[in-house]
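Here is what each chain is made of, one letter per residue.
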Amino acid sequence: MRPTGQLHLGHYLGALENWIQLQHEYECFFLIADYQAMGDHLDDIGLIQRSVLDVATDWLAVGIDPEESSFVIQSYVPEHAELTMFLSMLTPLNQHQKNPTLRAEIGQLESENQSVTLGFFNYPLSQVADILLPKAHLVPVGEDQVAHIEYTRDIARRFNRIYGEVFPMPRARVGRVPRLVGTDGRAKMSKSLNNAVYLADDPDTVKQRVRRMVTDTTGENPRLRPTDPGVVEYNPAFLYHDAFNDDADEVAELKERYTAGTVSDVEVKDRLSDALNRFLEPIRERRSWYAEHPDYVRDVLLAGTGRERVIARQTIEDVRQAMQVMYA
């Protein structure tokens with residue numbers, strides 16, 4: 001994850017929920033990608049500094065156990081940059097330029113009159129190195145990142161074909177909700193779009209964000225009165241209910257009444273606020289403790305980074321030997 005702010009519900013469903021399970025099944029390395037954040041936030045290094053701790057604090061708060069997994073600061077393991085450089089030597093420029101996510105994000109920066117740095121342009125290959133450096137077998141991602149795992153596999157196959165078997169072929173695992181739409185109903189949840197509910201939000205802030213939530217994503221079937229029948233699939237609030245409301249009977253009842261036109265959007269949102277706050281309350285409590293003990297969070301980061309550094313050095317040695325980049 002890029003350290004550009006606190007984490008939100010989209011991060012939870014897209015990654016963290018999977019991570020909580022996978023930490024008991026795999027040796028896990030969870031990366032705070034500060035190199036990649038510098039690609040378009042270098043002018044706000046203070047934000048990156050704060051966010052490294054914020055991200056790690058959020059990870060701890062949701063239940064990622066630093067005794068079972070490693071929290072890693074990307075720039076503290078220089079082998080990430082070294083492997084990126086080696087892989088860049090066998091990655092065709094035209095293949096890199098065709099990356100759809102990269103093209104979309106460059107377009108967004110240009111529309112905001114921001115310059116595109118070489119560091120930003122190269123971040124997809126940096127992500128490939130992040131996956132291959134610990135020789136990962138599985139990568140939990142959101143739906144929008146599956147294509148990037150295929151890009152990683154393609155580069156790993158090319159390296160292994162030319163230099164011999166060094167890297168395993170990583171697989172993607174998508175969470176139970178592939179993508180969480182933002183509160184605007186029009187795009188995935190994102191800090192930059194101001195359509196997010198954050199893990200650290202207090203109860204009143206959650207209510208305010210939910211109250212502003214768009215409840216008709218089509219514009220074709222607006223409910224002008226609470227007695228108008230609604231279409232559940234057009235209302236993002238029900239996606240949130242399905243994902244976070246622990247009372248399945250309540251969700252079923254709301255859907256039935258919404259379809260029949262016997263429940264208002266206000267009540268649907270109020271019930272959602274209650275459900276989200278029930279979900280977030282234990283996370284907020286744990287987060288409060290970790291926020292008051294930043295030295296513990298820093299120790300967790302340094303310990304996990306140290307564990308990955310050992311593996312990273314071995315991987316780079318394997319790569320150098322395979323490529324015969326050994327001179328002394």
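Residues numbered from 1 in each chain as written. Predicted model: local features only at pLDDT ≥ 70, side-chain atom pairs only at ≥ 80, totals over all residues. Heavy atoms only, no water.

**Quick look at the overall build of the chain**
Here is step 1 of the chain: Secondary structure summary: the chain contains 14 helices and four strands in total.
Here is step 2 of the chain: The C-alpha radius of gyration computed for the chain amounts to 22 Å, which stays within 12% of the reference 20 Å derived for 328 residues, consistent with globular compactness.
Here is step 3 of the chain: Dimensions of the chain, computed from the C-alpha atoms along their principal axes, are close to 80 × 45 × 40 Å.
Here is step 4 of the chain: When each of the 328 residues of the chain is scored for burial, the buried share is 49%.
Here is step 5 of the chain: Contacts in the chain between residues far apart in sequence, at least 24 positions, make up 75% of those at least 6 positions apart.
Here is step 6 of the chain: Accessible area of the chain: about 16,100 Å², with a carbon and sulfur share of 51%.
Here is step 7 of the chain: Computing the positive centroid from 35 side-chain charges and the negative centroid from 50, the chain places the two 4 Å apart. (Helix = DSSP H or I, 4+ residues; strand = E, 2+ residues; numbered from the N terminus. Rg over C-alpha atoms; globule rule 2.2 N^0.38 Å. Buried < 20%, exposed > 50% of the residue type's maximum accessible area, 1.4 Å probe, protein only. Contact = heavy atoms within 4.5 Å. Areas by Shrake-Rupley, 256 points an atom, 1.4 Å probe, with all protein chains shown as cover. Lys, Arg positive; Asp, Glu negative; His and termini not counted. Charge placed at Lys NZ, Arg CZ, Asp CG, Glu CD.)

**Some details on the pattern of salt bridges**
Here is step 1 of the chain: Enumeration according to the criterion identifies 20 salt bridges in this entry.
Here is step 2 of the chain: Its salt-bridge partner being Arg209, residue Asp201 comes within 2.7 Å of it at the nearest N-O pair.
Here is step 3 of the chain: What makes Asp201 buried here is its relative accessible area of 8%.
Here is step 4 of the chain: Between Arg271 and Glu250 there is a salt bridge whose closest N-O contact spans 2.9 Å. Of this pair, Arg271 sits in helix H13 (residues 265–291) while Glu250 sits in helix H12 (residues 248–260); the two residues are 21 residues apart in sequence, bridging distant segments of the chain. The pair Arg271 / Glu250 is uniform in exposure class, with both members buried.
Here is step 5 of the chain: The network of salt bridges with common partners includes Glu250, Glu253, Arg257, Glu267 and Arg271. (Salt bridge = Lys/Arg side-chain N within 4 Å of Asp/Glu carboxyl O.)

**Describing the confidence of the model for the chain**
Here is step 1 of the chain: Per-residue confidence for the chain averages 92 on the pLDDT scale, and 98% of its residues sit at or above 70.
Here is step 2 of the chain: The element-level mean pLDDT for the chain is lowest in helix H6 (residues 100–111), coming to 86, with helix H14 (residues 294–323) highest at 98. (pLDDT = per-residue confidence, 0-100.)

**What about the nonpolar core?**
Here is step 1 of the chain: Grouped together as the largest cluster of nonpolar side chains are 53 residues, with contacts concentrated most on Leu9, Trp59, Phe71 and Leu199.
Here is step 2 of the chain: For this core, the element with the highest residue contribution is helix H3 (residues 45–62), accounting for eight residues.
Here is step 3 of the chain: Core analysis: the second largest hydrophobic core is formed by 25 residues, Val72, Leu87, Ala129 and Val166 among them. (Core = buried A, V, L, I, M, F, W, Y, C linked by side-chain atoms within 4.5 Å.)

**So, H14**
Here is step 1 of the chain: The end-to-end C-alpha distance of H14 is 42 Å, a good match for the 44 Å that 30 residues give at a rise of 1.5 Å each.
Here is step 2 of the chain: Of the positions making up H14, those classed as buried are Val297, Val300, Leu301, Gly304, Thr305, Glu308, Ala312, Thr315, Ile316, Val319, Ala322 and Met323.
Here is step 3 of the chain: Just downstream of H14 lies Gln324, where phi reads positive at about 60°. (Expected span 1.5 Å × (residues − 1).)

**Some thoughts on the environment of Leu132**
Here is step 1 of the chain: Note on placement: Leu132 falls in helix H8 (residues 123–132).
Here is step 2 of the chain: Counting along the chain gives 58 residues from Leu132 to Gln74, while the straight-line C-alpha distance between them is 13 Å.
Here is step 3 of the chain: Filtering out sequence-adjacent residues up to four positions away, Leu132 remains in contact with Leu83, Leu87, Thr152, Ala156, Phe167, Pro168, Pro170 and Thr315.

**Digging into the pairing of strand S3 (residues 138–141)**
Here is step 1 of the chain: By the alternation rule, side chains of S3 split into Leu138 and Pro140 and Val139 and Val141, which are all buried.
Here is step 2 of the chain: As judged from the four bridges shared by S3 and strand S4 (residues 171–174), these two strands associate in the parallel manner. Counterpart to Leu138 in the pairing with S4 is Arg171. (Pairing = 2+ DSSP bridges.)

**Comments concerning unusual backbone geometry**
Here is step 1 of the chain: Positive phi outside glycine occurs at Lys135, with the angle close to 55°.
Here is step 2 of the chain: Mapped onto the fold, Lys135 is located in the loop between H8 and S3.
Here is step 3 of the chain: With relative accessibility at 23%, the residue Lys135 sits in the partly exposed group.
Here is step 4 of the chain: A positive phi is found at Gln324, a non-glycine position, where the angle reads about 60°.
Here is step 5 of the chain: Take Gln324: it is sitting in the segment after H14.
Here is step 6 of the chain: Classification of Gln324 by relative accessible area gives exposed; the value is 65%.

**Here's the deal with the packing of aromatic side chains**
Here is step 1 of the chain: Overall, the coordinates contain 14 aromatic pairs when judged by the stated rule.
Here is step 2 of the chain: Judged by centre distance (5.2 Å) and plane angle (70°), the rings of Trp19 and Trp59 are edge-to-face. Here the residue Trp19 occupies a position in helix H1 (residues 9–22), and Trp59 occupies one in helix H3, the gap between them amounting to 40 residues. We note that Trp19, like Trp59, is buried.
Here is step 3 of the chain: Summarising the aromatic geometry, the rings of Tyr290 and Tyr296 are spaced 5.9 Å apart at their centres and angled 20° between planes, so their arrangement reads as stacked.
Here is step 4 of the chain: A relative accessible area of 18% means that Tyr290 is categorised as buried.
Here is step 5 of the chain: Linked through ring pairs, Trp19, Phe30, Trp59 and Phe71 together constitute an aromatic cluster. (Phe/Tyr/Trp six-rings, centres within 6.5 Å; stacked < 30°, edge-to-face > 60°.)

**Thoughts on the environment of Tyr12**
Here is step 1 of the chain: With respect to the helices and strands, Tyr12 occurs in helix H1.
Here is step 2 of the chain: Residue classification places Tyr12 among the buried residues on the basis of a relative accessible area of 10%.
Here is step 3 of the chain: For the pair Tyr12 and Lys188, spaced 176 residues apart in sequence, the C-alpha separation works out to 13 Å.
Here is step 4 of the chain: Residues contacting Tyr12, with those up to four places away along its chain left out, are Glu17, Ile20, Val62, Leu199, Phe244 and Phe279.

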